[in-house]
Amino acid sequence: MPNSPLPLVSSASTVLPTPSFDTALAVHEQEPLTAKSVTTLQVNLGKVCNQTCHHCHVDAGPQRTESMTKATIDQILEVLDRTPQIATVDITGGAPEMNPHFEYLVQECRIRDRQVIDRCNLTVFYVKGKSHLPEFLAKHGVEIIASLPCYQEINVDQQRGQGVFNRSISALQTLNTLGYGEIDTDLNLHLVYNPQGVTLPPPQEELEQDYKEELMRRHGIQFNRLLTITNMPISRFSEDLQEAGQLDAYYTLLQENFNRATVEDLMCRSLINVGWDGRLSDCDFNQMLDLPLQIRAPQWIKDFTLPSLEHRPIVTGSHCFGCTAGAGSSCGGTLT
Ligand code: SF4
Ligand code: SF4
């Protein structure tokens, strides 16, 4: 796989090797990468978060101030009203619940009969004024996708901060008491695993079995699915790798494990990401790298129309190897 040593500096201050993802697609006769349709709107409510995890690809934290306004949320709702093909609203951040209009967005999406996903860090339930969130999410039938990079305290606290593991366990137990994670309810609770360092995630099904056994045995916790997600070499994770002199090795790992079978279901082929300011991107990673949609597509949520976004060429870069390595990776876990 070609891998030029020439560096590029993106507008997000992340050092990237020269893009060669399109070359890999071409070699495997998968070029150009185009969208199929838009069935999911992924809404990034902002960069405010109560945590500052090492692997965070959005550089979120308590000091950030970027947060979606109610006016932009109303533009999203207007798009939903005229686009029945969008079945799912996938809400992310930062900690999306830190946005003051989070509950308004959830309620309005549910009124419009859309599936709502909350990408939840679990510890947000312990932020002042947020303790009602578990009941709120259960009442509105929101699917929860929660980060828990390991079932062992030391590994979680190392990646996500001191005390995060114990608060996460307590939050999961609360969600279980509300019916989340039970096989017979509609309250889905999925966990997310990210590896640490220069490595790809292990097989998702095997790890899920380990998680289920260990979390039940140690803490009496049940959940529905484990999603393994490859860390993207951007933002804080990229900077950590660079500091450790491992960024090139990580790109090499991703490129050497390119898997053409993942291309069919790459998440950018069926979703559009809406940034906190209303700008559209092919995915959350492109948004973070300030990569807008291709020039002929509408750039802002207020201008969204399905015909102008279906079948659009997708804007790619070297980071895309993070989605196609090994079993593939997306916000919904592995792809193959
Ligand atoms: S990874 Fe999630 S929980 Fe951690 S800082 Fe980033 S947005 Fe917050
Ligand atoms: S990084 Fe984004 S644009 Fe690139 S392959 Fe992954 S989902 Fe698609």
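Please read all numbers here as calculations on a predicted model, not as lab measurements. (Residues numbered from 1 in each chain as written. Chains lettered and ligands numbered in written order. Predicted model: local features only at pLDDT ≥ 70, side-chain atom pairs only at ≥ 80, totals over all residues. Heavy atoms only, no water.)

Enquirer: Would you mind showing me how to read the confidence of the model for the protein here?
Expert: The predicted coordinates should not be examined in detail at positions where pLDDT is low. Chain-level pLDDT for the protein is 91 on average; 94% of the residues reach the 70-or-more range. Counting interchain partners and residues more than four positions distant, the pLDDT-below-50 stretch residues 1-18 has 43 contacts. (pLDDT = per-residue confidence, 0-100. Contact = heavy atoms within 4.5 Å.)

Enquirer: Would you take a moment to explain the pairing of strand β5 (residues 115-120) for this structure?
Expert: It is a general feature of regular strands that their side chains alternate between the two faces of the sheet. Of all six residues that make up β5, five are buried, and the element is covered over most of its length. Pairing analysis gives four bridges linking strand β4 (residues 88-92) to β5, with the strands arranged parallel. In the strand pairing of β5, T88 is matched with Q115. By the bridge criterion, four bridges tie β5 to strand β6 (residues 143-147) in an arrangement that is parallel. Each residue of the ladder has a partner; that of D118, found in β6, is I144. A crossover links β5 with its parallel partner β6, the connecting element being helix α4 (residues 133-139), and its sense is right-handed. (Buried < 20%, exposed > 50% of the residue type's maximum accessible area, 1.4 Å probe, protein only. Helix = DSSP H or I, 4+ residues; strand = E, 2+ residues; numbered from the N terminus. Pairing = 2+ DSSP bridges. Right-handed = clockwise from strand over helix to strand, strands pointing away.)

Enquirer: Help me understand the site of ligand 1, please; the structure alone is not making it clear to me.
Expert: Taken together, the neighbourhood of ligand 1 is formed by C49, Q51, T52, C53, H55, C56, A60, G94, N121 and R160. Across the shell around ligand 1, the residue classes tally to four nonpolar, five polar and one charged. (Near = heavy atom within 4 Å. Nonpolar A, V, L, I, M, F, W, Y, C, P; charged D, E, K, R; others polar.)

Enquirer: Got a minute to help me understand helix α3 (residues 102-111) in this structure?
Expert: A turn of α-helix holds 3.6 residues, and therefore any two residues three or four places apart point the same way. Listed as buried for α3 are F102, L105, V106, E108 and C109. Looking at the packing, one finds that the buried side of α3 touches β3 (40-44), α2 (70-82), β4, β5 and α4. Backbone geometry just downstream of α3 places D113 in the positive-phi region, at approximately 65°.

Enquirer: Would you take a moment to explain the pairing of strand β9 (residues 271-274) for this structure?
Expert: In β9, alternate side chains face the same way, and those of L271 and N273 on one face and I272 and V274 on the other are all buried. Here four bridges tie β3 to β9, and the two strands are oriented parallel to one another. When the bridges of β9 are listed, T40 appears paired with L271. Sheet topology places β9 next to strand β10 (residues 280-281); two bridges connect them, and they run antiparallel. In the strand pairing of β10, N273 is matched with S281.

Enquirer: I tried to follow the sheet that holds strand β8 (residues 225-228) on my own but got confused; where do I start?
Expert: Note on sheets: strands pair through backbone hydrogen bonds, and any given pair is parallel or antiparallel. Taken in spatial order, the eight strands of this open sheet run β8-β7-β6-β5-β4-β3-β9-β10, and their pairing is mixed. The sheet is open, and its two edges are formed by β8 and β10, each paired on a single side. The pairing of β6 with strand β7 (residues 189-193) spans four bridges and is parallel. Bridged to S147 within β7 is V192. On the sheet, α3 packs against β3, β4 and β5 and is oriented at approximately 155° with respect to β5. (Axes fitted to C-alpha atoms, helices over the stretch in contact; angles between N-to-C directions.)

Enquirer: Would you take a moment to explain the site of ligand 2 for this structure?
Expert: For ligand 2, the full set of nearby residues is M232, M267, C268, C283, F285, N286, I314, V315, H319, C320 and C323. Looking at the shell around ligand 2 residue by residue, the classes come out as nine nonpolar, two polar and no charged.

Enquirer: Got a minute to help me understand a negative patch on the surface in this structure?
Expert: Taken together, the side chains of E205, E206, D210 and E213 define an acidic patch exposed on the protein surface. The class for E205 is exposed, based on a relative accessible area of 69%. (Patch = residues over 30% accessible without salt bridge, like charges linked within 9 Å, V, L, I, M, F, W, Y side chains within 5 Å. Areas by Shrake-Rupley, 256 points an atom, 1.4 Å probe, with all protein chains shown as cover. Salt bridge = Lys/Arg side-chain N within 4 Å of Asp/Glu carboxyl O. Lys, Arg positive; Asp, Glu negative; His and termini not counted. Charge placed at Lys NZ, Arg CZ, Asp CG, Glu CD.)

Enquirer: For this particular structure, what's the right way to read the packing of α2 against α3?
Expert: Two elements in contact, α2 and α3, have axes separated by 11 Å at closest approach and are oriented at 10°. The pairing of α2 with α3 is recorded here as roughly parallel in orientation. The two elements α2 and α3 meet at a crossing, and its hand is right-handed. Residues K70, I73, D74, L77 and L80 of α2 touch α3, and the partners they reach there are Y104, L105, E108 and C109. Split by residue class, the contact of α2 with α3 holds six nonpolar, no polar and three charged. (Parallel < 35°, antiparallel > 145°, perpendicular 65-115°, else oblique. Left-handed = near helix turned anticlockwise from the far one by under 90°.)

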